[in-house]
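Given next are the chains, with one letter for each unit.
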Amino acid sequence: MRGAIFDVDGTLLDSMTVWWDVLIDFFKLHGKELTDEEASKYKELTLEESIPIMTDLLNLNMSKEEVSDKLKEMACLEYERNLPLKEGAKEYIKKLHDDGVKIAIATSGYEELCKKAFTRLGVWEYIDACAFSSEVRVNKSNPDVYLLAAKRIGIPPGECVVFEDIITGISGAKKGGFKTCAIYDDTNAAETDALKQLSDHYITGWKDLLQR
């Protein structure tokens, strides 16, 4: 492995439930209840894809930019002040960095939020490049965001490992010719068997890799 490409939410950051809470609270602000099950459907979509669906469903008189800014505002404090890294994540990233592995993130999230959280947590200095789904305008069932990340660190896909917590991401990365490693998150527990079958490696946490 010469390159490591990490998803952010649910992979490095313990943050998936924050986004579910943001969605649920956003719907409440506009007079509609959103169940956890319904909220979970949005995890397969990029924010670019989610916003028009929510705008139509809630009959909002808001632009895509206004909805995006509101969601970002609702999540901002958690990223800036509270969200933790998953146990062992910083140690593993630092190990890769010290071993000369190029490190990128590939996420459907917001750049500002990622930078705030990773700077606070002392990880930003180890990240060589970032790629965002908003740049490629397709979700992670496609390899585009991972290919962009690989291009930015200058490592061919076949020499990179993509670390993800969702089936869509693992599937998309494999389409791009990447090796894949799936990681457990409480929000993907029901998909454990599928993730194990689809990915090249499966870990329950970052300590699994630190112990090797």
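Bear in mind the structure is a predicted one, so any value in this text is a computation, not a measurement.

With respect to the packing of aromatic side chains
Part 1 of the argument: According to the stated counting rule, one finds six aromatic pairs in the structure shown.
Part 2 of the argument: Ring geometry for Y92 against F163: centres 6.0 Å apart, planes inclined by 75°, an arrangement best described as edge-to-face. Of this pair, Y92 sits in helix α5 (residues 89-98) while F163 sits in strand β4 (residues 160-164); the two residues are 71 residues apart in sequence, bridging distant segments of the chain.
Part 3 of the argument: The buried category is assigned to Y92, whose relative accessible area is 7%.
Part 4 of the argument: Both rings, one in F163 and one in W206, keep their centres 5.4 Å apart while their planes meet at 55°; by these two values the pair is tilted. Separated by 43 residues along the polypeptide, F163 in strand β4 and W206 in the loop between β6 (201-203) and α11 (207-210) bring together distant segments of the chain.
Part 5 of the argument: In this structure W206 comes out as buried when scored by relative accessible area, which is 1%.
Part 6 of the argument: An aromatic cluster is built from F6, Y92, F163 and W206, whose rings are joined through pairwise contacts.

Examining unusual backbone geometry
Excluding glycine, a negative phi dihedral is what most residues carry, and trans is how most peptide bonds are arranged.
Part 1 of the argument: In the Ramachandran plot, N59 falls in the positive-phi region, its phi being about 55° despite a non-glycine side chain.
Part 2 of the argument: Within the element layout of this structure, N59 appears in the loop between α3 (47-57) and α4 (64-82).

Looking at empty space enclosed by the protein
Vacant regions in the atomic arrangement are exposed by a probe of water-molecule size rolled over the atoms.
Part 1 of the argument: Across all of its chains, the model carries two cavities of 30 Å³ or more by this definition.
Part 2 of the argument: Estimates place the volume of the second largest cavity at around 30 Å³.
Part 3 of the argument: As for the second largest cavity, its lining consists of V8, D9, W19, Y79, G109, Y110, L113 and C114.
Part 4 of the argument: A breakdown of the residues in the lining of the second largest cavity according to their chemical character gives six nonpolar, one polar and one charged.

Cut-off values and rules
Residues numbered from 1 in each chain as written. Predicted model: local features only at pLDDT ≥ 70, side-chain atom pairs only at ≥ 80, totals over all residues. Heavy atoms only, no water. Phe/Tyr/Trp six-rings, centres within 6.5 Å; stacked < 30°, edge-to-face > 60°. Helix = DSSP H or I, 4+ residues; strand = E, 2+ residues; numbered from the N terminus. Buried < 20%, exposed > 50% of the residue type's maximum accessible area, 1.4 Å probe, protein only. 1 Å grid on protein atoms, 1.4 Å probe; cavity = no way out; pocket = protein on both sides within 12 Å on 5 of 7 lines; lining within 4 Å. Points joined across faces, edges and corners; volume = space filled by probe spheres on them. Nonpolar A, V, L, I, M, F, W, Y, C, P; charged D, E, K, R; others polar.

Such coordinate-based values are descriptive only and should not be taken to indicate function.
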